[in-house]
Amino acid sequence: MTAVSDISEAQIWTYLESVPDPEIPVISIVDLGVVRSVEITGKSVEVTITPTYSGCPAMAVIAMDIETGLAKHGITDVHLKTQIAPPWTTDWLSEKGLARLADYGIAAPQKAGGPACCPRCQSKAVERVSQFGSTPCKAQWRCTDCLEPFDYFKCI
Amino acid sequence: MDHLFEFLLRQGDNALVLGHRTSEWCGVAPALEEDIALANTALDLIGQTQLWLGYAAEVEGKGRSANDLAYLRDVYDFRNALMLEVPNNDFGRTLMRQFLFDAFQVPWLTALSASSDERVAGIAAKSLKEATYHLERSSETVIALGDGTDESNRRMQDALDYLWPYAGELFGQDATDQAMQDAGVAPVPASMRSVWDTQIEQTLSAACLSRPDTSFAHSGGCNGSRHTEHLGHMLAVMQTLQRSYPGAVW
Ligand SMILES: [Zn+2]
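Note that the structure is predicted; figures quoted are calculated from it, not measured.

1. Considering the domain arrangement of chain A
Residues and elements named next belong to chain A. Partitioning chain A into domains gives domain 1 (4-90) and domain 2 (105-153). Computed over C-alpha atoms, the centres of domain 1 and domain 2 are 28 Å apart. Contacts between the two partners involve eight residues from domain 1 and, on the opposite side, seven residues from domain 2. Summed over both sides, the interface between domain 1 and domain 2 buries roughly 610 Å², with carbon and sulfur atoms accounting for 82% of that surface. Sorting the residues of domain 1 by area buried against domain 2 places Ile24, Tyr53 and Thr90 first, and these three jointly supply 61% of that buried surface.

2. Comments concerning the side chain of Lys138 of chain A
Residues and elements named next belong to chain A. Tracing the backbone shows Lys138 in strand E6 (residues 138-143). Of the polar contacts made by the side chain of Lys138, one reaches the side chain of Asp151; its length is 3.5 Å. Aside from chain neighbours lying at most four places away, what touches Lys138 is Ile24, Ile106, Gln131, Phe132, Gly133, Asp151, Tyr152, Phe153 and Lys154.

3. Overview of the layout of surface pockets
Within this model, the largest pocket holds a volume of roughly 1,400 Å³. Contributing to the lining of the largest pocket are 40 residues, with Ile46, Gln50, Asn67, Tyr71 and Trp250 of chain B lying nearest its centre. Mapped onto the lining of the largest pocket, the elements with two or more residues apiece are helix H2 (58-71) and strand E3 (78-82) of chain A together with helix H1 (3-23), helix H2 (32-60), helix H3 (66-71), helix H9 (229-238) and helix H10 (240-244) of chain B. Ranked by the residues each element gives to the lining of the largest pocket, the list is headed by H2 of chain B, at seven residues. A class-by-class count of the residues in the lining of the largest pocket yields 25 nonpolar, 13 polar and two charged.

4. A few points about the packing of helix H5 (residues 118-146) of chain B against helix H6 (residues 150-167) of chain B
Packed helix pairs are characterised by how far apart their axes lie and by the angle those axes make with each other. Residue and element names in this part refer to chain B. Across the interface, H5 lies against H6 with an axial gap of 7 Å and an inter-helix angle of 125 degrees. One way to sum up the angle between H5 and H6 is to call them oblique. Contacts between H5 and H6 involve Val142, Leu145 and Gly146 from the former and Ser152, Asn153 and Met156 from the latter.

5. Some words on the interface of chain B and chain A
At the junction of the two partners, chain B supplies 22 residues and chain A supplies 22 residues. Across the chain B/chain A interface, buried area totals approximately 1,800 Å², and carbon plus sulfur atoms make up 63% of it. Applying the counting criterion to the chain B and chain A interface returns one salt bridge. With a closest N to O distance of 2.7 Å, Glu140 of chain B and Arg128 of chain A form a salt bridge. Between chain B and chain A we count 10 residue pairs in polar contact (both at pLDDT 80 or more) in total. Counting only elements with at least two residues in the side of chain B that touches chain A, the list comes to H2 and H5 of chain B.

6. Brief notes about the nonpolar core
Grouped together as the largest cluster of nonpolar side chains are 66 residues, with contacts concentrated most on Phe7, Met83, Met96, Leu100, Leu112 and Trp196 of chain B. Where this core is concerned, the elements lending two or more residues are H1, H2, H3, helix H4 (91-112), H5, H6, helix H8 (193-206) and H9 of chain B. A total of 10 residues in this core trace back to one element, the largest contributor, which is H4 of chain B. Listed in part, the 33 residues of the second largest apolar core include Tyr15, Ile49, Tyr53 and Ile106 of chain A.

7. A few points about the coordination of the zinc ion
Any two of four tetrahedral donors ideally make an angle of 109.5 degrees at the metal, while pairs among six octahedral donors ideally make 90 or 180 degrees. Residue and element names in this part refer to chain A. Coordination of the zinc ion by the protein involves Cys118 (SG), Cys121 (SG), Cys143 (SG) and Cys146 (SG), with metal-donor separations of 2.3 to 2.4 Å. Mapped onto the polypeptide sequence, the residues donating to the zinc ion form the spacing pattern C-x2-C-x21-C-x2-C. With Cys118 in the loop between strand E4 (106-107) and strand E5 (126-130) and Cys146 in the loop between E6 and strand E7 (149-153), this pair connects stretches of sequence that are 28 residues apart. You can call Cys118 buried: its relative accessible area is 1%.

Conventions and cut-offs
- Residues numbered from 1 in each chain as written.
- Chains lettered and ligands numbered in written order.
- Predicted model: local features only at pLDDT ≥ 70, side-chain atom pairs only at ≥ 80, totals over all residues.
- Heavy atoms only, no water.
- Domains from an automatic or database assignment.
- Contact = heavy atoms within 4.5 Å.
- Buried area = accessible area lost by both parts, 1.4 Å probe.
- Helix = DSSP H or I, 4+ residues; strand = E, 2+ residues; numbered from the N terminus.
- Polar contact = N/O pair within 3.5 Å; in protein donor to acceptor, adjacent residues only side chain to side chain.
- 1 Å grid on protein atoms, 1.4 Å probe; cavity = no way out; pocket = protein on both sides within 12 Å on 5 of 7 lines; lining within 4 Å.
- Points joined across faces, edges and corners; volume = space filled by probe spheres on them.
- Nonpolar A, V, L, I, M, F, W, Y, C, P; charged D, E, K, R; others polar.
- Axes fitted to C-alpha atoms, helices over the stretch in contact; angles between N-to-C directions.
- Parallel < 35°, antiparallel > 145°, perpendicular 65-115°, else oblique.
- Salt bridge = Lys/Arg side-chain N within 4 Å of Asp/Glu carboxyl O.
- Core = buried A, V, L, I, M, F, W, Y, C linked by side-chain atoms within 4.5 Å.
- Buried < 20%, exposed > 50% of the residue type's maximum accessible area, 1.4 Å probe, protein only.
- Donors = N, O, S within 2.8 Å, 3.2 Å for Na, K, Ca; no water.

See below:
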């Protein structure tokens, strides 16, 4: 078992990189931008997280996954702190996260308010089906060329 | 009376009561996409409730939690606007109410984001992103249905006529509102009226709907003095689990 005092904050970040988002498992919680800070004080690790949406049910699972994810590396003295300000924004999604979303078939958030193209065939002929989708962070769109529906990551 | 506690209850109860009403559509909405949209809207509102009532409970300092405030208070302890507790009726009235409320929440939460109380500012800034998204949907839906068929237009006008006398309560100006303004926590809600009027005017005109020409406004929800008979029925459903099995946890 590793003593916490031998571990750097950078190492904790690396461990958190391997904790997947419970609803979109191709990206990590770090890629999602919900981990705001990591701080080691004495023997304990404090991880500050922020919710994507205020009622997002995945937050409880994320908190549990952080604890079990760090416990795998022998880190058990973990304190989770929730912080809501400043509010989470899709600007905090990492480049790597955005690329993985696209590969997974989820169109990346765009300031213009809709997907740049269909994640399947890259056609720009897309239309909105619903402003909401299967999770609070997504909306439903459809490609009018290949006719496939797809998820769009809402831009907030 | 602690004005900050009272103020926080108003914010939390508005979100909670509308959130619960909206969740009543889960599984029975007119189309799958609308069902998902309503459930997501409800989820945002319940999330906001946890933030507001969580802070209210801390301010009160009597060891109560957000859950205690939501599930163990009675009708006259609730501080939500009456408009939010009346039954959903049809889909049109549900979306009309959402629109009237969202059009208030967006300028309101924008103002609260600059609150002298850091916690209020943080909760408001978080909720504002969600409210802005809700307003986009509710205003578009009001326009689509108002400027739709003869029947959808009639039903949206009926919804507006029914809800209109309740909307005025959002623009309160009582001792609590005044105390919050004096403390720099929030402007008085009455000061939101002109921005709200402009938004309402624009949307209703695009929706081919006429603004009712009455300024009568029901009151009694935000100060708890007189709720409608509907809130008790709603709480009976919402609180049944905690009332029947006190202390039950998930
Ligand atoms: Zn396509």
